[in-house]
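Single-letter residue listing:
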Amino acid sequence: MRDPVVPGLSWEYASAVLGVLDDRPRADAEQHLLECLKMLVLSDVCLLVVETSRELETVRDALAARPTEYAGLRDAIARGGGGGCRCRCTGGAGCGVSGGSGDSEHLDVRGVAGVEPIRCAAAYVQTFGPFTPRTVRLWPDAQAVMGEVGAGLSGLNDAAAGWCDEHASLSPSPWRRWGEVSRLSEL
């Protein structure tokens, strides 16, 4: 028997989910499944409200169609985080990297409609690493931050990486490996 893809996600379960996603190329289906796992970390470990894209919602539905395995996956994710979220995104509405210079290191993210989009984007970047051009399209919260502050991808990643930086020290994320691959089969 093969080792699980990740704790709580057997190859059989992953294959069944990927089989349901036959409306997209295999590489996209694998990437969408990986991004959905990241979404579960942000919602179950970091306890964030995460706006989902249609692509990620369909993957979550496919995962949930097998309730026993889905419960095991979510339990494994909750246990795998080492007791809590590793991101620094715990500040309130007044928290944020600010400055009027307009450079990407000092974007003023405090004006973003609500604090949840920047909290989600910051948690993603601080937990998994930077968004890529392919992954950012799957995260409405990241797109909202980019649109509202007028930043590109590098500006989003810089602002999210530094958000609330002064409020906490950060130990290495146990989830960082998930951000280093673009397909589930690379894990």
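Asks: Would you mind going over helix α7 (residues 140-149) in detail, with residue names and values included?
Replies: Within α7, burial applies to P140, D141, A142, V145 and M146. Positioned one or two residues after α7, G150 has a phi angle of 65 degrees, which is positive.

Asks: Talk me through the packing of aromatic side chains; I want residue IDs and the actual numbers.
Replies: Counting across every chain of the model gives five aromatic pairs. Consider the rings of Y124 and W139, whose centres lie 5.1 Å apart with planes at 65 degrees: the pair is edge-to-face. With Y124 in helix α5 (residues 116-128) and W139 in the loop between α6 (133-136) and α7, this residue pair connects regions lying 15 residues apart in the sequence. Relative accessible area serves as the criterion here: at 1%, Y124 is assigned to the buried category. By way of ring pairs, the aromatic residues Y124, F128, F131, W139, W175 and W178 are connected into one cluster.

Asks: Account for the side chain of Q31, with residues named and values stated.
Replies: For Q31, the location among the structural elements is in helix α2 (residues 26-44). Among the residues examined, Q31 registers a relative accessible area of 4% and is labelled buried. Residue contacts for Q31: discarding those within four places in its chain leaves R134, T135, L138 and S182.

Asks: I'd like a rundown of the side chain of T127, residues and numbers included.
Replies: Mapped onto the secondary structure, T127 falls in helix α5. A distance of 2.7 Å separates the side chain of T127 from the backbone oxygen of A123, its partner in a polar contact.

Quick notes on the rules
Residues numbered from 1 in each chain as written. Predicted model: local features only at pLDDT ≥ 70, side-chain atom pairs only at ≥ 80, totals over all residues. Heavy atoms only, no water. Buried < 20%, exposed > 50% of the residue type's maximum accessible area, 1.4 Å probe, protein only. Helix = DSSP H or I, 4+ residues; strand = E, 2+ residues; numbered from the N terminus. Phe/Tyr/Trp six-rings, centres within 6.5 Å; stacked < 30°, edge-to-face > 60°. Contact = heavy atoms within 4.5 Å. Polar contact = N/O pair within 3.5 Å; in protein donor to acceptor, adjacent residues only side chain to side chain.

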